[in-house]
Amino acid sequence: MGLTATELSLAVAVPRVLVADDEPALVSGLRIMLRGAGYAVETARTAVDVVALVAERPPDVLMLDLALPPGDGVEVCREIRRFTRLPIVVMSPADAERENVRALNAGADEYLAKPFRVDELLARLRGVLASSAEGAGSSRVEIGELVIDLARRRASLAGAAVLLAPADFEFVRVLAQRPGRPITDRQLLSALWGPDYERDTHRLRVAVARIRAKLERDPSRPEYLITEPGIGYRLRVPREVLT
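(A) Structural context of the pairing of strand β3 (residues 61–65). When you tally the buried positions in β3, you get 5 out of 5 residues, the bulk of the element. Here β3 shows two buried faces, one formed by Val61, Met63 and Asp65 and the other by Leu62 and Leu64. Two strands pair when backbone bridges link them, and β3 and strand β4 (residues 88–93) are joined in this way by 4 bridges, in the parallel orientation. Directly across from Leu62, in β4, lies its bridge partner Ile88.

(B) Region of the structure containing unusual backbone geometry. Omega for the peptide link from Pro69 to Pro70 comes to 10°, which places this bond in the cis form. The phi torsion at Ala158 lies on the positive side, around 55°, for a residue other than glycine. Among the secondary structure elements, Ala158 is positioned in the loop between β8 (154–157) and β9 (160–162). On the basis of relative accessibility, which here comes to 54%, the residue Ala158 falls in the exposed class.

(C) Structural context of the side chain of Arg181. For Arg181, the location among the structural elements is in the loop between α7 (166–176) and β10 (183–184). A polar atom in the side chain of Arg181 sits 2.5 Å from the side chain of Asp109.

(D) Just the nonpolar core, in detail. Core analysis: the biggest nonpolar cluster contains 28 residues, and Ile148, Phe171, Leu175, Leu188, Leu225 and Tyr233 have the highest contact counts within it. Where this core is concerned, the elements lending two or more residues are β6 (140–143), β7 (146–149), β8, α7, α8 (185–193), α9 (201–215) and β12 (232–235). Looking at this core, the element that brings in the most residues is α7, giving 6 residues. Not counting the four nearest positions on each side in its chain, Leu175 is found in contact with Ile183, Leu188, Leu225, Tyr233, Arg234 and Leu235.

(E) Here's a closer look at the pattern of salt bridges. As enumerated under the stated definition, the model contains 24 salt bridges in all. Salt-bridge contacts for Asp72 lead to Arg102; the nearest nitrogen and oxygen are separated by 3.6 Å. Taken together, the positions of Asp72 in the loop between β3 and α4 (73–80) and Arg102 in helix α5 (residues 97–105) put the pair 30 residues apart, joining distant regions of the chain. Residue classification places Arg102 among the partly exposed positions, given a relative accessible area of 26%. The shortest N-O distance in the salt bridge between Arg98 and Glu99 comes to 3.5 Å. For Arg98, a relative accessible area of 63% puts it in the exposed group. The network of salt bridges with shared partners includes Asp21, Glu23, Asp65 and Lys114.

(F) Summary view of the sheet that holds strand β5 (residues 110–114). The parallel open sheet is built from 5 strands, whose spatial order is β2-β1-β3-β4-β5. Each edge of the sheet is formed by a strand with only one pairing partner; in this case those strands are β2 (40–44) and β5. If you compare each strand with its neighbour and ignore which way they point, the axes differ by 20° on average. Two elements, β4 and β5, share 5 bridges in a ladder whose sense is parallel. Pairing of Val90 across the sheet is with Tyr111, part of β5.

Basis of the calculations
- Each chain has its residues counted from 1, following the order in which its sequence is written.
- Local features in a predicted model are, by the rule used here, given only for residues with pLDDT of at least 70; side-chain atom pairs are given and counted only at 80 or more, and totals for whole chains, interfaces and linings are based on all residues.
- Just so you know, side-chain values use all the structure's heavy atoms and leave hydrogens and water out.
- Summary of the burial criterion: residues with accessible area below 20% of their type's maximum are buried, those above 50% are exposed, and those between are partly exposed, where the area comes from a 1.4 Å probe applied to protein chains only.
- Secondary structure elements are taken from DSSP: a helix is a run of H or I of four residues or more, a strand is a run of E of two residues or more, and numbering for both begins at the N terminus.
- When DSSP finds two or more bridges between a pair of strands, those strands are recorded as paired.
- Pairing of N or O atoms within 3.5 Å defines a polar contact, subject to two protein rules: one partner must be a possible hydrogen donor and the other a possible acceptor, and residues neighboring in sequence count only if both atoms are side-chain atoms.
- Put simply, buried Ala, Val, Leu, Ile, Met, Phe, Trp, Tyr and Cys residues joined by side-chain atoms within 4.5 Å make one nonpolar core.
- In this analysis, two residues are considered to be in contact whenever any of their non-hydrogen atoms come within 4.5 Å of each other.
- Here, a salt bridge means any side-chain nitrogen of Lys or Arg that lies within 4 Å of a carboxyl oxygen of Asp or Glu.
- Structural elements are reduced to axes, namely lines fitted to C-alpha atoms, with helices fitted over the stretch in contact, and the angle between N-to-C directions of any two is expressed from 0 to 180 degrees.

As structure tokens, then:
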């Protein structure tokens, strides 16, 4: 006997994407492409609609245009972060680096520069969805030969313990809780040393050099602690090929 439509919907969990953009051609293209890739798609054209839809029926991931009317997608990120941790991927022009940083500081998880390739978009969506699921209950992060035990506050590389000072482990812990996602300099400085140190990028660079010296085979070509130019840092995820 075949399954009914209701039984099929229960048997197969289809990820739901809310696309928030006011460009009809882009929204139409994204709807076709995402549905073809196995996603259920909903759309919104204003900031008010986005917040209302997320509050009423949270999607699995939000794709948010930073120029969404009335004009400040960063504030939308901030508002949504007051009541949910759903993954947010922001979309912006390629030269909007400052706005991307503001969005990440406001709680966005990833960013895409317009125009973007289909494979790039799908990879970002898979990444944030996987990281969200992994972060829900895992206290152990494994990236190649690097293992970070968040519960026991220990790290090991190729089976050998890595001795990290408490402050350095805290740095790694912050990144490990959002594997693959860029964390801005400001977020890291505030989380590790407090809001008074948000502009002390020299302190951050010194910490990164010290941690890489212990975690990386070749600190000049890091495999695990990756720099996101103009943004901050991230931990490489297991799906990425280490070189």
